[in-house]
Amino acid sequence: MAEVCASRDGAFLAVQLHQFTRMSYEPVTDVLLFEGDDARMMKQLF
């Protein structure tokens, strides 16, 4: 599962990936931060 937070203008995106184990979602990655063009490009994936 991906938890995604994006700014309204698309210039900021935060993503954290989770895996379902032991009846709950556990984080697999740190919070990944994207800004500017990188954020806009990543937002298209979600």
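Residues numbered from 1 in each chain as written. Predicted model: local features only at pLDDT ≥ 70, side-chain atom pairs only at ≥ 80, totals over all residues. Heavy atoms only, no water.

What about the side chain of His18?
The topology assignment puts His18 in strand β2 (residues 12-21). Classification of His18 by relative accessible area gives buried; the value is 12%. Side-chain polar atoms of His18 contact the side chain of Glu3, separated by 3.1 Å. The contact partners of His18, leaving out residues within four places of it in the chain, are Met1, Glu3, Tyr25, Glu26, Pro27 and Val28. (Helix = DSSP H or I, 4+ residues; strand = E, 2+ residues; numbered from the N terminus. Buried < 20%, exposed > 50% of the residue type's maximum accessible area, 1.4 Å probe, protein only. Polar contact = N/O pair within 3.5 Å; in protein donor to acceptor, adjacent residues only side chain to side chain. Contact = heavy atoms within 4.5 Å.)

Side note on a nonpolar patch on the surface
On the surface, Met1, Phe20, Met23 and Tyr25 cluster together into a nonpolar patch covering about 510 Å² of accessible area. Judged by its relative accessible area of 46%, Phe20 falls in the partly exposed class. (Patch = residues over 30% accessible without salt bridge, like charges linked within 9 Å, V, L, I, M, F, W, Y side chains within 5 Å. Areas by Shrake-Rupley, 256 points an atom, 1.4 Å probe, with all protein chains shown as cover. Salt bridge = Lys/Arg side-chain N within 4 Å of Asp/Glu carboxyl O.)

Some words on the confidence of the model for the protein chain
Per-residue confidence for the protein chain gives a mean pLDDT of 95; residues scoring 70 or more make up 100%. Least confident of the elements in the protein chain is helix α1 (residues 36-45), whose mean pLDDT is 94; most confident is strand β4 (residues 32-35), at 98. (pLDDT = per-residue confidence, 0-100.)

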